[in-house]
Amino acid sequence: FVLPPATTGLEDIYPTIFGILRQQRPNAKIGAIYDWKGFGRLVESSALDYDSYKATGKEELSEDETAELAIDYIQSEKPDFLFVHFDHVDHAGHQHEHGSSHYYASVSKADTLIGKLLEASKAAGTYDETLFIISSDHGGVGKKHGGETLAEIEIPFLLLGPGIKQNFRIPHQVMTYDNAATVAYAFGLETPYAWIGRPVKSAFED
């Protein structure tokens, strides 16, 4: 970036959910398992107990490898907070066009992989006390994204877990940055003044 961050947290980057969780819950077990290696620059590495790329030493991870690493980590470590990222849907959009049969096949595979993570949580005995948030970062038009159309910026945002209303449709706008604020709310954390995200309280029971 040309300009330095207006404010920093645990490290010399804009404060993230990983950093504030580490600062306010020093003993929390925190992991980041991600398909796209570039995600590593967006998180305070010192906040993590487990980083998939540092742990494996690989230059590239597939979605299947990412899922297997996450399954193993969930079952062996029972983390307090785990971020899992699958990048193959993005690849399908860039290679075969968003909305193509290849694209929706990749979405279907993501659904299957997420299902495996839920099953891993059940096997670990953590499912009934875990909040799951499933979201995306963008859509696309043709083989590109980044423009100002709903097809590019409208994304799914799903919540599942204890204290979450069932069969409930969130009646208001949810922005991408509300994701971290919602996680912070669930953990009972104080959020940085600079954050503009708001927790999606309407999805929670009472």
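Each value, and the rule that gives it
Residues numbered from 1 in each chain as written. Predicted model: local features only at pLDDT ≥ 70, side-chain atom pairs only at ≥ 80, totals over all residues. Heavy atoms only, no water. Phe/Tyr/Trp six-rings, centres within 6.5 Å; stacked < 30°, edge-to-face > 60°. Helix = DSSP H or I, 4+ residues; strand = E, 2+ residues; numbered from the N terminus. Buried < 20%, exposed > 50% of the residue type's maximum accessible area, 1.4 Å probe, protein only. Lys NZ or Arg CZ within 6 Å of the ring centre and 35° of its normal. Polar contact = N/O pair within 3.5 Å; in protein donor to acceptor, adjacent residues only side chain to side chain. Contact = heavy atoms within 4.5 Å. Axes fitted to C-alpha atoms, helices over the stretch in contact; angles between N-to-C directions. Parallel < 35°, antiparallel > 145°, perpendicular 65-115°, else oblique. Core = buried A, V, L, I, M, F, W, Y, C linked by side-chain atoms within 4.5 Å. Left-handed = near helix turned anticlockwise from the far one by under 90°.

A. Highlighting the packing of aromatic side chains. Under the criterion given, the structure shown has 11 aromatic pairs. Geometrically, the ring pair formed by Phe18 and Phe81 is tilted, given 5.3 Å between the ring centres and 50° between the ring planes. Separated by 63 residues along the polypeptide, Phe18 in helix α1 (residues 17–24) and Phe81 in strand β3 (residues 81–85) bring together distant segments of the chain. Here Phe18 falls in the buried class, since its relative accessible area comes to 5%. When the centroid spacing of 6.1 Å and the interplanar angle of 75° are considered together, the rings of Phe18 and Phe83 count as edge-to-face. Here the residue Phe18 occupies a position in helix α1, and Phe83 occupies one in strand β3, the gap between them amounting to 65 residues. Residue classification places Phe83 among the partly exposed positions, given a relative accessible area of 25%. Connected via pairs of aromatic rings, a cluster forms that spans Phe18, Tyr34, Phe39, Tyr53, Phe81, Phe83 and Phe187. Between Lys122 and the ring centre of Tyr127, over which it is positioned, the NZ or CZ distance is 4.9 Å. Its guanidinium or amino end placed over the ring of Phe168, Lys165 lies 4.6 Å from that ring's centre, counting from NZ or CZ.

B. Up close: the side chain of Ser202. The topology assignment puts Ser202 in the segment after α7 (178–187). Looking at Ser202, its side chain comes within polar contact range of the side chain of His172, at 2.7 Å. Setting aside its immediate chain neighbours within four residues, Ser202 contacts Lys165, Phe168, Ile170, Pro171 and His172.

C. Inspection of the packing of helix α4 (residues 88–96) against helix α5 (residues 101–124) at higher detail. Where α4 meets α5, the axes come as close as 8 Å, and the angle between the chain directions of the two elements is 175°. What the angle tells us is that α4 and α5 run roughly antiparallel. Within the contact between the two elements, α4 uses His88, Val89, Ala92, Gly93 and His96 and α5 uses His102, Tyr103, Ser106, Val107, Lys109, Ala110 and Leu113.

D. Broad picture of the pairing of strand β1 (residues 30–34). Burial of β1 is extensive: 5 of the 5 residues sit out of reach of the surface. Of the two faces of β1, the one carrying Ile30, Ala32 and Tyr34 and the one carrying Gly31 and Ile33 are both buried.

E. Structural view of α4. Those residues of α4 not exposed but buried are His88, Val89, Asp90, Ala92 and Gly93. Residues of α4 that are buried make contact with α3 (63–77) and α5. Phi turns positive, to about 90°, at Glu97, one or two residues after α4.

F. Broad picture of the nonpolar core. By size, the foremost hydrophobic cluster in this structure holds 33 residues, and its most contacted members are Ile17, Phe18, Leu21, Ile30, Phe81 and Leu189. Elements represented by at least two residues in this core include exactly α1, β1, α3, α5 and α7. It is α3 that provides the largest number of residues to this core, a total of 6 residues. Those residues in contact with Phe81, other than ones at most four positions away along the chain, are Ile17, Phe18, Leu21, Lys29, Ile30, Gly31, Val183 and Phe187. Phe157, Val200, Ala203 and Phe204 belong to the second-largest nonpolar core, a separate cluster that totals 6 residues.

G. Summary view of the environment of Ser46. Looking at the secondary structure, you find Ser46 in the loop between β1 and β2 (50–51). Sequence separation between Ser46 and Glu63 is 17 residues; the distance between their C-alpha atoms is 25 Å. Apart from residues no more than four positions distant in its own chain, Ser46 is found in contact with Leu10, Glu11 and Arg22. For Ser46, the side chain forms a polar contact with the side chain of Glu11, separated by 2.6 Å.

H. Quick look at the packing of α1 against α7. Direction vectors running N to C along α1 and α7 enclose 20°, while the axes themselves pass 10 Å from each other. Viewed along their axes, α1 and α7 adopt a mutual orientation that is roughly parallel. The crossing of α1 and α7 is right-handed. On α7, the residues touching Ile17, Ile20 and Leu21 of α1 are Ala180, Val183, Ala184 and Phe187.

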